[in-house]
Amino acid sequence: MASDTGDYPTPAELARYHHEYDLLKELNLASVIKVYGLEQSQNTLVLMVEDFGGESLKTLFLEKRKGKVEISAFLPLAIAIADSLGKVHAANIMHKDINPSNLVYNPTTQQLKIIDFGIASRFVREMPTLKS
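Heads up: these notes are all about the structure in this document.

The rules behind these values
- Residues numbered from 1 in each chain as written.
- Predicted model: local features only at pLDDT ≥ 70, side-chain atom pairs only at ≥ 80, totals over all residues.
- Heavy atoms only, no water.
- Helix = DSSP H or I, 4+ residues; strand = E, 2+ residues; numbered from the N terminus.
- Expected span 1.5 Å × (residues − 1).
- Buried < 20%, exposed > 50% of the residue type's maximum accessible area, 1.4 Å probe, protein only.
- Arc of directions from axis to C-beta.
- Contact = heavy atoms within 4.5 Å.
- Polar contact = N/O pair within 3.5 Å; in protein donor to acceptor, adjacent residues only side chain to side chain.
- Pairing = 2+ DSSP bridges.

**Some thoughts on helix α3 (residues 71-90)**
Between the first and last C-alpha of α3 there are 28 Å, a value that for 20 residues agrees with the 28 Å anticipated at 1.5 Å per step. Among all positions of α3, only Leu77, Ile81, Ser84, Leu85 and Val88 are buried. Buried positions in α3, seen along its axis, are confined to an arc of 95° and lie on one side of it. Exposed side of α3, more than 90 degrees from the buried face: Ile71, Ser72, Ile79 and Ala90 are the residues found there. Buried residues along α3 sit in contact with α2 (57-63), β4 (93-94), β5 (103-106) and β6 (111-114). Phi turns positive one or two residues past the end of α3, at Asn92, with a value near 65°.

If you want it as structure tokens, here you go:
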């Protein structure tokens, strides 16, 4: 990743890669992209992730199919997205950037994976207390 200001990533961009790597390493969910490493390459960092043969929903449905999706294909996919996000939230992680570009799907295997946890955050569930 090259910075908008030159050939070197900013400290904030480098921190985002480290943050994403740490979160992905912690999440061991079938519906979240697996991370294998964080390597330095030339003047930047490269996140090494699995390739399961999928494409983003943006590419599959918005660009290739011009936004037209059969209901029989859409409903199982919508359920898979909701289930995946539920598991991420159960792990106390909030993605914060769910969009068609960050949902990757392999139509052959029917696998859906969430990617791009760069701005995701951990949250702590608090136990509410009643006070009179």
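Don't stop here, the text continues.
**Section: the side chain of Glu50**
Here Glu50 shows up in the loop between β2 (44-49) and β3 (55-56). Accessibility expressed as a relative area gives 15% for Glu50, which makes it buried. Among the polar contacts made by the side chain of Glu50, one reaches the main-chain amide nitrogen of Lys34 at a distance of 2.9 Å. At 3.1 Å, the side chain of Glu50 forms a polar contact with the side chain of Lys113. Excluding its chain neighbours within four sequence positions, the residues that come into contact with Glu50 are Val32, Ile33, Lys34, Tyr36 and Lys113.

**A short note on the sheet that holds β6**
Spatial strand order, β3-β5-β6: 3 strands in an open sheet with antiparallel pairing. The sheet is open, and its two edges are formed by β3 and β6, each paired on a single side. Two strands pair when backbone bridges link them, and β5 and β6 are joined in this way by 4 bridges, in the antiparallel orientation. Pairing of Asn106 across the sheet is with Gln111, part of β6.

**Section: the environment of Lys96**
By the element assignment, Lys96 lies in the loop between β4 and β5. Between the C-alpha atom of Lys96 and that of Gly118, which follows or precedes it by 22 residues, the distance is 9.1 Å. A distance of 3.2 Å separates a polar atom in the side chain of Lys96 from a polar atom in the side chain of Ser121.

**Points about the side chain of Asn102**
As for its placement among the helices and strands, Asn102 is situated in the loop between β4 and β5. A distance of 2.7 Å separates a polar atom in the side chain of Asn102 from the backbone oxygen of Asp97. Leave out the neighbours within four places in its chain, and Asn102 touches His95, Asp97, Lys113, Ile114, Ile115 and Asp116.

**Quick look at the environment of Val88**
Assignment of secondary structure puts Val88 in helix α3. Counting along the chain gives 57 residues from Val88 to Ser31, while the straight-line C-alpha distance between them is 8.8 Å. Apart from the residues within four sequence positions on either side, Val88 is in contact with Leu29, Val32, Ile93, Ile114 and Phe117.

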